[in-house]
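# A closer look at the structure
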Amino acid sequence: MLETLPVDYQFHHHHIFGIEQLSAQDITHILNTAQSFKEISNRPIKKVPTLRGKTIVNLFFEPSTRTRMSFEIAAKRMSADTFNISASTSSATKGETLIDTARNIQAMQPDVIIIRHSSSGAPQLLAKYIDASVVNAGDGAHEHPSQGLLDMMTVLDHKGRLDGLKIAIIGDIAHSRVAMSDIIGFTRMGAQIAVAGPLTFMPMDLAGLGVEVCSSLEDAVRDADVVMTLRIQLERQNDSLIPSLREYSRFYGVNNDLLKFAKDEAIVMHPGPINRGVELSPDVADGERSVILDQVTNGVAVRMALLYLVLGGNKASDGQGEN
Amino acid sequence: MLETLPVDYQFHHHHIFGIEQLSAQDITHILNTAQSFKEISNRPIKKVPTLRGKTIVNLFFEPSTRTRMSFEIAAKRMSADTFNISASTSSATKGETLIDTARNIQAMQPDVIIIRHSSSGAPQLLAKYIDASVVNAGDGAHEHPSQGLLDMMTVLDHKGRLDGLKIAIIGDIAHSRVAMSDIIGFTRMGAQIAVAGPLTFMPMDLAGLGVEVCSSLEDAVRDADVVMTLRIQLERQNDSLIPSLREYSRFYGVNNDLLKFAKDEAIVMHPGPINRGVELSPDVADGERSVILDQVTNGVAVRMALLYLVLGGNKASDGQGEN
Amino acid sequence: MLETLPVDYQFHHHHIFGIEQLSAQDITHILNTAQSFKEISNRPIKKVPTLRGKTIVNLFFEPSTRTRMSFEIAAKRMSADTFNISASTSSATKGETLIDTARNIQAMQPDVIIIRHSSSGAPQLLAKYIDASVVNAGDGAHEHPSQGLLDMMTVLDHKGRLDGLKIAIIGDIAHSRVAMSDIIGFTRMGAQIAVAGPLTFMPMDLAGLGVEVCSSLEDAVRDADVVMTLRIQLERQNDSLIPSLREYSRFYGVNNDLLKFAKDEAIVMHPGPINRGVELSPDVADGERSVILDQVTNGVAVRMALLYLVLGGNKASDGQGEN
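### Overview of the overall build of chain A
Secondary structure assignment for chain A yields 11 helices and nine strands. Its C-alpha atoms give chain A a radius of gyration of 19 Å, within 12% of the compact-globule value 20 Å for 323 residues. For the C-alpha atoms alone, the extent of chain A along its principal axes is close to 50 × 45 × 35 Å. Relative to its full complement of 323 residues, chain A shows a buried share of 54%. Considering only contacts in chain A between residues 6 or more positions apart, those separated by 24 or more positions represent 77%.

Written out as structure tokens, the structure is:
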């Protein structure tokens, strides 16, 4: 349960670059909207006409199956038309090329461009040159706001609140845009974050974000309401920062022994895809505490909400009735 | 013409793994349904609202253009929303990963997952972990049920019956999931199957299926109503099982000389894509007896029927009127 | 402003192979139709039901993002169902294979096949074997008619006429299907074409087309109403026909110094994607005279018109009202 929004609250974001730009009220409004859209995916006819005639472009400079598909499903369940562009980053190493690509797409008059790019800040750069709404689907090691929002929605579903919770995040904090979005978001909503992992995976500047950096996994997980572990992003490491996956699993994998330090009713989260037996033991991944698949389900609802809201919310539609 | 179904017949399959699981009545019902859907593709407006708001995922672990597109056309002509996922088998070598992929897709609440996979049994494995209907679009050398059904539909179109026909199948029986689905299906509907081909292409266990294994192509084709030749599946052979394509064509290619042994009105079939001049001489492929393109046309109708039926038939829809 | 069409004019093209087959009246009718469709892309709901239930296949044997997407957007804004097939030319080196592919797609009963192929004449070959309308999206160095039409539409938007204008085309004329379509189209509409570029980029047979081949860029551009520069098609050159990109830019790049020779109100065009700093200096590409993004916008409108017209125009639809 989140606080009630003031009567005069208005969502005014045309772009979604990161959780950084969203106030606690904005986050509350997005999560409320996502909750109201969630039941659409349970209907026999999973489709509302809300975004009919809208053009939504998935512009992915990094490979992605699940995030791309989650946005595509969200868009089509709102009756938007979707277009997928898979671009190799190599053909866009110069900022100019990204801008030219963006302006060319803009000239075809899309309503939303969902972008994933290996460079932090690419969505903001894009937004300078186009009129369409830009939604960040992951930029470098910077932010992955829809993941942060779906994580908050999932915790809220299970805990009924965000304020005052302890969230442990284990693993590769430094290379994870998921961690960054979660840290900013949960902190803004009043939760406490504790992180742990190999030293080479800890960024320098966590203290300023109000995050507790723990020297042991046990300390991070102790009395936590939520234990989140991150995917090892091998593709975003310049060097071998960990000796081996086997050792990583032994010292930093989340298993039932570690979970004994958390609260009894603690839930376990992972942004997927899981490296089974590395970040997470299989019995935990498939266990009662795991809410990993709830995260995926909520992802569709959060993305429906984001597309709806950047396009002006009820101003953009004829209503949300059945199609 | 197929036998009339009993009044209380009900199609009760939630998944389509293979022809193996379908009774003669089920096959009759699918072919009748496909026949009733066939004219939709001849309309100026090729679209009915039957599956509006349904989410259909093409999950292809092997490359495919025509089968994937046939399913996609079938789905869209029924107004479903379609999503294509091309996964490389390499990223899914462990069974666990396929299951994780499946459960993640399931969490986005699709209605049907159409899967093609290089491992026999992958569709059944998938179905254990998800609620959505699973339709097998080809699993290893096991089954390709929609191909078997479209082959039966095509023979029925041209011969008016299946019972009592002689069907000759020439070529790579052992590596062909098409052959397996056809053998099971035609046999179940009362047809006789005779096969011929290089010894290395003959599976061990055909006698148990009631199939006549012939030592010469002439014997197999003699008095046949249907002559079906198979694509050489070079990609599914571990070794070079045939000396050369040239010799294959000479000894095992279907040409007009061979067809003299068949009945005068025999038809020629091939699941495509054709290796012209290898399995089939060009004059036969393009000749009057060839019904190869009818097979493709019927493929769309059969897949419309399968999607409709696994989703509950008329229970799933508002009717089949024009959209 | 184009001449008024006679009362009994009828567009009768079932296929669009090139500008070559289009009369001045046909071009006028296409541009008028495109102009009437252009505002659809400015609506809040960018969708009309005109081509509902039509099956449109993008069959691309060469990689393309922007042309493929422009056609896809055009089709979906008319409510057609679209299907993308990316085929590698390597699997289609034999003409037979292209024909087999085409006939297989035809058997799925599409309404339009949009084809891009590295071989000149591939669309005509295709059309011999299928009933669906064929629209050429670029065939070898032959024609790219939708590009030629969108170029004419853009000039008409800015100049109000085509007749009597001077159009300078700079660069790789010999390897450019864009140049060929533009030369035929603008000439047919009464404009004068002057070309310039490296000798190795000049085709032999331009004189017969009524084109002025200039020995210097200055001569070509002098008093021009339109200065069009072409992308260097490195992928379609057999040898290194230019010493280096740096020298190309120095001697054949379009910059503000060169534009002083053109008319004061001359516009600058480029079919995209731009090799910035090679064919075009950045200040020109982004300057006031550049209408490059208008070309992209008009591309969607022209392609909507082409799809509409090959499908029979108002005979194909229930009207163009809002969906």
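### Here's the deal with the sheet that holds strand E6 (residues 192-196) of chain B
Residue and element names in this part refer to chain B. Judged by pairing direction, the sheet is parallel, and its five strands sit side by side in the order E7-E6-E5-E8-E9 without closing on themselves. In this open sheet, the two edge strands, each paired with only one partner strand, are strand E7 (212-213) and strand E9 (267-269). Bridge analysis of strand E5 (residues 166-170) against strand E8 (residues 226-229) gives four bridges, and the strand direction is parallel. Bridging from a neighbouring strand, Ile 167 pairs with Val 226 of E8.

### Things to note about the packing of helix H5 (residues 145-159) of chain C against helix H6 (residues 177-188) of chain C
All names here are of chain C. Closest axis-to-axis distance for the H5/H6 pair is 8 Å, and the angle between their directions is 50°. Of the possible angle classes, the one that applies to H5 and H6 is oblique. Pair H5 / H6 crosses with right-handed handedness. From H5, Pro 145, Gln 147, Gly 148, Leu 149, Asp 151 and Met 152 reach across to H6, where they touch Val 178, Ser 181, Asp 182, Gly 185 and Phe 186.

### Quick notes on the packing of helix H2 (residues 66-77) of chain C against helix H11 (residues 292-310) of chain C
Residue and element names in this part refer to chain C. Contact geometry of H2 with H11 gives a least axis separation of 8 Å together with a crossing angle of 60°. Put simply, H2 runs oblique to H11. Here H2 and H11 pass one another in a crossing that is right-handed. Listed contacts from H11 to Ser 70, Phe 71, Ile 73, Ala 74, Ala 75 and Arg 77 of H2 are Gly 299, Val 300, Arg 303, Met 304 and Leu 307.

### Looking at the relation of the copies chain A and chain B
Note on the identical chains: chain A maps onto chain B by a rotation of 120° and an axial translation of 0.0 Å, with an RMSD of 0.0 Å. Classification of the inter-copy transformation places it as that of a three-fold axis.

### Section: the pairing of strand E8 (residues 226-229) of chain C
Residues and elements named next belong to chain C. Alternating positions in E8 separate into two faces, Val 226 and Met 228 on one and Val 227 and Thr 229 on the other, with burial throughout. Across three bridges, the pairing between E8 and strand E9 (residues 267-269) is parallel. Residue pairing for E9: Val 226 is matched across the bridge by Ile 267.

### Looking at the confidence of the model for chain A
Residues and elements named next belong to chain A. Taken residue by residue, chain A gives an average pLDDT of 90. The fraction at 70 or more is 90%. Confidence over residues 89-94 falls short of pLDDT 50; this stretch has nine contacts with residues more than four positions distant or in other chains. Predicted as a complex, the structure gets a pTM of 0.93 and an ipTM equal to 0.91.

### Describing the interface of chain A and chain B
Every contact between the two is made by 20 residues of chain A and, on the other side, 13 residues of chain B. Breaking the side of chain A that touches chain B down by element, the ones donating at least two residues are helix H2 (66-77) and helix H11 (292-310) of chain A. Ranked by residue count, the leading element in the side of chain A that touches chain B is H2(A), at six residues. Per-class residue counts for the side of chain A that touches chain B are eight nonpolar, six polar and six charged.

### What to know about the interface of chain C and chain B
Counting from both sides, the interface comprises 13 residues of chain C and, opposite them, 20 residues of chain B. Elements with a minimum of two residues in the side of chain C that touches chain B: strand E2 (81-86) and helix H3 (95-107) of chain C. No other element matches H3(C), which puts five residues into the side of chain C that touches chain B. The residue inventory of the side of chain C that touches chain B, partitioned by class, reads four nonpolar, four polar and five charged.

### With respect to H2(A)
One turn of an α-helix holds 3.6 residues; hence residues three or four places apart share an orientation. All names here are of chain A. If you check H2, its first and last C-alpha atoms are 16 Å apart, about what 12 residues at 1.5 Å a residue would give, namely 16 Å. Among the residues making up H2, those that are buried are Thr 67, Arg 68, Met 69, Ser 70, Phe 71, Glu 72, Ile 73, Ala 74, Ala 75, Lys 76 and Arg 77. Two residues or fewer after H2 comes Ser 79, characterised by a positive phi angle close to 75°.

### Regarding the sheet that holds strand E4 (residues 133-139) of chain C
All names here are of chain C. If you walk across this open sheet you meet the four strands as E2-E1-E3-E4, and the pairing is parallel. The open sheet has two edge strands with one neighbour each: E2 and E4. Adjacent strand axes in the sheet meet at a mean angle of 15° when their direction is disregarded. Of the strands in this sheet, strand E3 (112-117) and E4 are in contact with helix H4 (residues 122-129), which crosses E4 at around 160°. Running at roughly 145° to E4, H11 makes contact with strand E1 (55-60), E3 and E4 of the sheet.

### Some remarks on the domain arrangement of chain A
Often, the extent of an interface is quoted as the loss of accessible area upon association of its parts. Residues and elements named next belong to chain A. Considered domain by domain, chain A is made up of domain 1 (19-144 + 297-316) and domain 2 (145-292). Put simply, the middle of domain 1 and the middle of domain 2, counted by C-alpha atoms, are 25 Å apart. Contacts between domain 1 and domain 2 engage 22 residues on the former and 22 residues on the latter. Only helix H1 (24-38), strand E4 (133-139) and H11 provide two or more residues apiece to the side of domain 1 that touches domain 2.

### With respect to helix H11 (residues 292-310) of chain B
All names here are of chain B. Compared with an ideal rise of 1.5 Å per residue, which puts 19 residues at 27 Å, H11 spans 27 Å between its outermost C-alpha atoms and is within 8% of the ideal. Judged by how many residues are buried, H11 sits mostly within the fold: 17 of 19 residues are covered. Gly 312 lies just past H11 and shows a positive phi near 100°.

### Some thoughts on the nonpolar core
General note: in soluble globular proteins, nonpolar side chains tend to be found buried as a group. In terms of nonpolar packing, the biggest core is built from 314 residues, with A:Leu307, B:Leu307 and C:Leu307 touching the most fellow members. Every residue in contact with B:Leu307, bar those within four places of it in the chain, is listed here: B:Leu51, B:Ile56, B:Ala74, B:Ala75, B:Met78, B:Ala80 and B:Val112.

Criteria and thresholds
- Residues numbered from 1 in each chain as written.
- Chains lettered and ligands numbered in written order.
- Predicted model: local features only at pLDDT ≥ 70, side-chain atom pairs only at ≥ 80, totals over all residues.
- Helix = DSSP H or I, 4+ residues; strand = E, 2+ residues; numbered from the N terminus.
- Rg over C-alpha atoms; globule rule 2.2 N^0.38 Å.
- Buried ≥ 20, exposed ≤ 12 C-beta atoms within 10 Å, placed from the backbone.
- Contact = placed C-beta atoms within 7 Å.
- Pairing = 2+ DSSP bridges.
- Axes fitted to C-alpha atoms, helices over the stretch in contact; angles between N-to-C directions.
- Parallel < 35°, antiparallel > 145°, perpendicular 65-115°, else oblique.
- Left-handed = near helix turned anticlockwise from the far one by under 90°.
- Least-squares fit on C-alpha atoms with pLDDT ≥ 70 in both.
- pLDDT = per-residue confidence, 0-100.
- Nonpolar A, V, L, I, M, F, W, Y, C, P; charged D, E, K, R; others polar.
- Expected span 1.5 Å × (residues − 1).
- Domains from an automatic or database assignment.
- Core = buried A, V, L, I, M, F, W, Y, C linked by C-beta atoms within 7 Å.

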